[in-house]
Structures are given as structure tokens and as C-alpha cells.
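Okay, here's what each chain looks like letter by letter:
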Amino acid sequence: MKTKLPLTLYLLLVYFFIIPQGSYAQVTHTFSNGLIIQNQHRYGREVIFNDHLAYQLAVGSFEEPKEGGKVSPVSDDSWQSLEADESGKFRGRLRAGYLYLTYDSDKKQAGLLRISGSSMTYVNGVPRAGDIYGDGWLYLPVTLEKGTNKILARFNGLWSGISAELYLDQKPVLLKTEDATLPDIVLGQNNEKLMGAVVVVNSTSKPIANAKMEVNLGGRTTVSALPTIPAMTIRKVGFAINGSDIATAGEHTTTLTLQVGNKPADSREVILNGRKNTEHYKQTFISEIDGSVQYYGVAPQIGGGTPGSALFLSVHGAGVEAIGQARAYKPKDWGTLVAPTNRRPRGFNWEDWGRLDAMEVLEIAKQKFKPDPARIYLTGHSMGGHGTWYLGATFAGQWAAIAPCAGYPTLMGYGSADGKIPEDSDNLTEKTLLRASNPSNTIQLAKNYKAAGVYIHHGDSDRVVSVDYARQMRGILAEFHPDFSYYEYPGGSHWFGDESVDWAPLFDYFKWHTLLDEKSTHTIDFSTANTAVSSSNKWIHILQQEKPLEYSRIHIKRDLGTKQLNGTTENISILGIQTRDFQLGDTLSLEVDGQTLSWRKDATEMIYLHRQGNNWALGSKPDTSHKGALRNGTFKEPFNNRMVFVYGTSGNKAENEWAFNKARFDAEMWYYRGNGAVDMVSDREFDLGKYGDRGIIIYGNADTNRAWKPLLDHSPIQVTRSAVTMGSEVLSQDDLGAYFMVPRKDNDTHSIAVVTGTGLKGLHTANANQYFAGGSGFPDYVIFTADLPIKGVEAIKATGFYQNDWSFPSEK
């Protein structure tokens, strides 16, 4: 009797025991000709998108491209042949299109595909991540079928070109170090527990669950167990580095050896730099967002950091590395500067996970450098100028002063590769979709800037980010801000040297400003659009909204002498007021929205006001299981908490393939956009106890994913192969797709996001993942038909926000 070995085991046996190390006859196929078509899609920072080709792939009507053929009935553009230039790039003044490539394989085999310059790729109809910024380090293992393999690379523009290579006969498991995240070794600091990360490529058909990374630096070896690397994809893995034996500045060669089953699978060398403690340096850490290794740049304080000094948080522009941002500043004698990454040089525009990264680094820096809490400052350039406007408004009361340089205030007014957020719509459904982007609108939050000094710095000849944005904000601030400064650098372009950011008058302005402490703050203007993003300013806490994601506002004054408070509110359901600055036994009087409330100050520091109809009443602490400051919804929220992707395997072959492919696509895009790493597990492997403190992303429906019942039996939305049920409403169609979230019933802070559909058409339409675009708005739930890519908002069947108890609103 013959036993057939699993493909993974066979490949690893061949690699380890039959083929000598280094004897792989690697073959590179460079694509030199293809077909190209433009004006076929529009993707932006919202749920709605337009893409006739994606529609055809989803519904099964896609036909092989031929020269002169068309895709969209509403476009005159057709497929045209195009050859790569001498550099191997397909170029042209083309936009919003697809490049079609083919490869004829004489057998079924694995290959390593590198396409640089595309926003995403379909390989034989399967979605894979794209290298939209042309970084050149995204290598994806793909399955090549015997015969013709069809590749569609979506692009935004071809000005910079697309290059495409296919690598064959590679090792089944590889290390890739081009995108390494590595620390500097700062002499004089404790370097025993440093962290680094590189990419592991798994070109086998099974996950690798027993890998280790051996790191040799300066003769000292450290071994780290690695997380599971899913089949036929990549994962950036973190590992420990012991740099305690390094005593000299300069380059230090470090050897990384990947071990699979205690056998060496691949080895690479990387360079770690020893830095004097007076030099700019990189510091790595493990992020609480997803457990991945990230870094921040540091411009150290002259003479060494001393507790009680200032701390400057500087957020970089698009395409700029955090260490490059830090190096743009000369060290200061009165504080330390730290520069977070935004998770990537372009990342998330300092919104969403870029926002979380910035604030995570700020907290780490506070612990490490122990600054004076009254002397924490925020600044940034270009996209980081936007980040300064955005973070400054979102986290009012945390900055002594902010200084946006060459910045634009909103993603509504200024777009990038992901486009702009639409400012408004006459369509009520699209209005609801766009409401999820309200936290991005700093203009609506502008009065939050009252809490800090503001210095605006912009070149008057900037052709990248017009000085008109600075003038716009100067005009807005002039209406209410008592303490802002404005400077246009004569003849200044977008970047006119380090003075674009390291501008002496700007830091003089910082030095003149300290954060007013809570006890000395008696008037507060505060607004928020999402209490789980931003809920407080000093002693005021907006704890729950009446209408989720609409703007909630309060203007309030207090007098510690007369023990009176008076204010007005808008869209607040539960308000918290910190009263510790009053004396025990004081009788406090609050006039709010024309109503007067009185109470006697006791040992309770926070009082809670609940709005009941048109009236306010003293009440209890908010129910933490409801919407509020801990968790407030939107589909993207579950991705914040060490998410785990759970793909279904209990459907038919096509449904199971979709679930794995979609989860892998999202994991690859998260890696590319967010330098991140995700645990991907099947529904069979999912253990509720093991992942009790995680955000969970479900792929599939109640018929195809075994994790559905234990996780989603309480969900007001239920999806099967044949219908979507929303409360009492049933949509019986086999072409529906959906994105929705619900809270975890066993956790007061974490949630579950669901990517689902009633049939394959709807499931494939849900492949689009603009939810990873910074600032994009996704409400609590969106239900759509497979016509979404061609009909837009007309294909939305239902969308909106749950009520505060997570039930459906009475009117959908």
C-alpha cells in the first residue's frame, strides 16, 4: 500500500534532505508585454466604489481581455497592447485602469510574484495585495495552474510605471529582509531585550506552526519562537535581539536563521547600527494594536534626557520614514523629540491606526523620558501637518501647543493616493455612510484648538500643499482663538530645508507655552464625533452620544468660588463632570441647557448626568456594555485590538476558498499598509478562550463558518446562504454582501467585525477593502447587492448605526 505525502511535508523533505543548500536553480520571468485599459474604476475613502471589471469577476461574467475589447459599457476605453520599457516598467499617461499579464506554465507549481506599482492584483481571479507606492519589497507566493495563468494588476496611474516579475523554483520557505524593522543599539542603554522583524515567505500549501528565529549578534545567540505563518502567503514576524555585547558605534552584521522543525530553512544577514546616545536613533517596541514590531525615531536631548524636560511629538509627511523625520531636527537642550511611524511612511494619514500609533508612541515616550506633563508639544509636516491638525483637535487638552507645518486640515479638502473623503451628499444613504467619517473633519472640531497654543508654519510658494490651507485655518482660528501665531516663509516651497520643520521661532513659541492644568481651567469648549476615539477634555467627559457619529459638543464654565457651573450641550446622552477641584460638602449648582441641577459634593469625584428626553438628571455610571467611551462602533473598530482573522471552512469548496482568500488578502493589505501582522485561523482551529481578549474578524456566514454561532448568536444581523436578517426584516437574495460589527458579548471593550454575504456573488463583491484607507468611513453595518461596483449607492440595501444598547434603530 502506498502512502501519499502531504505537499508541505514533501517539499520540506526535498528541501532539507535531498537538495543541497543553495542549489535551487532559481528562474526569473520578467513580464515585458501585456494589455492595458484605463478609466475603469474609482476607489476612495468610503464604502462606495466603481469598478466594472471587479463586478464581472464577482458575478462570473469576466471575459479574457483582447486587444480592442472593452470592459465597461459606459466607457470608450478599450484594451491596448503595451510593452515594458528598458527598465522593465510598463509606463504611460494612463490612470484608473488595469494591466493584464499572462504566464504559461507547463505544470502546476508555486511561484513568487512581485508586482510593483499596482494597488492590488488578481491572480487567476484571486485577490492579492498590491504595492501601490512602488516600494519593491512585496513578494507574494502564488499558485500557478498548468496552462495559461491570468494576472490583473489594478493601478491608479502609470506615470511611475509598473514592473512585474515571477520567480520560480524558489525555496519553499524564505526570509525577506528588504522590509526589515530593526532597532538601533544605543550605547549606554539596556540593549538586552531589543526586538526586530522581517518577512517570512511560506510557499507551501500548509501553515508553518513550528518555526523559530535564531539571531546571532556579536557572538551572542538568541532564539525566538515565531507565530504561525499561513499557507501560500507572507507574514512579518518579530524576534528578540540581544545587543548587550555591542560596545562600539557603527555597523554590526547580524545573522538571522529561520528554523522550521529544528532544521535551518533560510538565513540572511542584516545590519544593526550602534549609536552613541547623542545621536538620533530608532527604538522598537511591540504594538498593542496588533502585536507586531514597530519603531519610532528619537532626537535625543542635549546632555541626556532628564525627567521634567519637554517632549515633542513630530509626525512625518507622506513617504518619509520616522527616523528621517527625527533627523530633520537638531537636538534641543530642553527636551526630547520622538517621531512615530504612522505604521508606514504613508500609512493611514495619521487617522485610524495612524492615530493609534501616534498616541501609543506618545505613551511609551512619556514612560521612557518622563517629561513635564505641562510641556508636551505636537508638530509635523505635510501629511504630518494634517496629522498635527487632526491629533491636535482630537485630543484636546493634551498639548501645550501644536505647530502644523505645510499641512492641510482635512481629507475632505486634500486627497492622496486614496482620494478625498466626499464632503457631503444629497443622497440620504450616502450621508449615513459619510457620517462614519465625521471624526476626520477637523473643521467641525476646530474649537478644540482653544485648549492649546497654535503656531502655523507654511511656505508661501508651496505647490504641493497650497498655502491657502494655512490661510483657511488662520481665518477660522481668528474667529475665536486668543493665542495663535502665523508665519508664511517667503519663497518657501513645500520643503525648503530643515527649517521647514526645525524652525527656531516655532520652538520659541513652544517654549513660551505650557499646558494649563486642570484646576486652573475654568472654561471648556469641546467637541467629538466618536466617544471611543475622543471623549474628554480636562474635567469634562462626553460619555455617550444621542446620535452616534454625529457631532457632540459642550460649552461649559465653572467658578470654584461660587461653586456654579453653566453650559450648553448638543447630541450628548451621558455627560461626566469631574468635581475633585471642589471641596467636600460643597453644594454645587449646574445650569445646563436652561435647566438647573444641584447636589452636595461627596467623596465621588465624577458625577454623571443622563439626558432623558429634553431634561437632564443625575444618574449612575454608564453601562460599559453599551456604546460609549470604551466602544462606540463603526465596522473598523474591531481591527484595533490585536485582531484575529477567522475564515470559514464549513461551506462548499468555492465558499471555503473565498473565505481563505479574502482573509489572506486582508492580512496582506494590513501588512503592506500598516507594517502589521495578523493571526489567521480557520473556524475549526478557533478557540474562544484563547482569543478572549482580541478583536475578531469573521469571514463567511452562519452556514459556512463554525465560529458564527458561538460568537454571533446575539447579533441583530444574521446572514445565511439565502438571506440577511436585520431584526424583523428579511432580505432573501443570493447576491448580497455585507460588512457589519457587533460587540463581543463576553468583553466590554472588544468587538467582532464580519465580512459576509448570502452567495458567492455577494461574497466576492465584499473583496473590496477600502476600510484600510485612512479616514474612510464605514458605519456599524452596510448591506449591499453584487451591483455595488456598477450602481454605487443604489446597491446599498441598508446601512446605519445601532442604538446605544446595540439594537437596531426604530427607523432604518
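Look up: the structure comes first, before these words.
Rules behind the numbers
- Residues numbered from 1 in each chain as written.
- Predicted model: local features only at pLDDT ≥ 70, side-chain atom pairs only at ≥ 80, totals over all residues.
- Heavy atoms only, no water.
- Buried < 20%, exposed > 50% of the residue type's maximum accessible area, 1.4 Å probe, protein only.
- Helix = DSSP H or I, 4+ residues; strand = E, 2+ residues; numbered from the N terminus.
- Pairing = 2+ DSSP bridges.
- Right-handed = clockwise from strand over helix to strand, strands pointing away.
- Core = buried A, V, L, I, M, F, W, Y, C linked by side-chain atoms within 4.5 Å.
- Polar contact = N/O pair within 3.5 Å; in protein donor to acceptor, adjacent residues only side chain to side chain.
- Contact = heavy atoms within 4.5 Å.
- Salt bridge = Lys/Arg side-chain N within 4 Å of Asp/Glu carboxyl O.

**Q** Sorry if this is basic, but what is going on with the pairing of strand β41 (residues 679-682) here?
**A** Strand residues, when the strand is regular, have side chains that alternate between the two faces of the sheet. Here β41 shows a buried face lined by D679 and V681 and a second buried face lined by M680 and S682. Inspection of the sheet shows strand β40 (residues 644-647) paired to β41 by four bridges, in the parallel sense. Directly across from V644, in β41, lies its bridge partner D679. Regarding topology, helix α9 (residues 653-674) serves as the crossover connection from β40 to the parallel β41, and that connection is right-handed.

**Q** I'm lost on the nonpolar core in this one. Help?
**A** Note that soluble globular proteins tend to have their nonpolar side chains buried in a common cluster. W79, Y98, F639, F645, Y699 and Y739 are the most contacted members of the largest nonpolar core, which totals 64 residues. Counting residues per element, this core draws most heavily on α9, which supplies ten residues. In terms of nonpolar packing, the next biggest core, distinct from the first, is built from 47 residues, Y281, M359, Y390 and W399 among them.

**Q** Explanation requested: the side chain of N632 in the structure shown.
**A** Residue placement: N632 occurs in the loop between β39 (615-619) and β40. Residue classification places N632 among the buried positions, given a relative accessible area of 1%. Of the polar contacts made by the side chain of N632, one reaches the side chain of N530; its length is 3.1 Å. Separated by 3.2 Å, the side chains of N632 and Q545 make a polar contact. Not counting residues up to four positions away in its chain, the partners in contact with N632 are N530, T531, A532, Q545, L549, K627, E637, D780 and W806.

**Q** What is the right way to look at the pattern of salt bridges in this model?
**A** Two side chains that carry opposite charge are able to pair once their charged atoms sit near each other. This model, assessed by the stated rule, comprises 38 salt bridges. Note that D179 and R344 form a salt bridge whose closest N and O atoms lie 2.8 Å from each other. Taken together, the residues span a long stretch of sequence, with D179 in strand β14 (residues 173-181) and R344 in the loop between β25 (335-339) and α4 (353-369) at a distance of 165 residues. Take D179: its relative accessible area is 8%, and that puts it in the buried class. Two residues, R694 and D679, come together in a salt bridge whose shortest N-O distance is 2.8 Å. Placement of R694 in the loop between β41 and β42 (696-699) and of D679 in strand β41 is noted, with a sequence separation of 15 residues between them. It is possible to trace a salt-bridge network through shared partners that takes in K171, D266 and R268.

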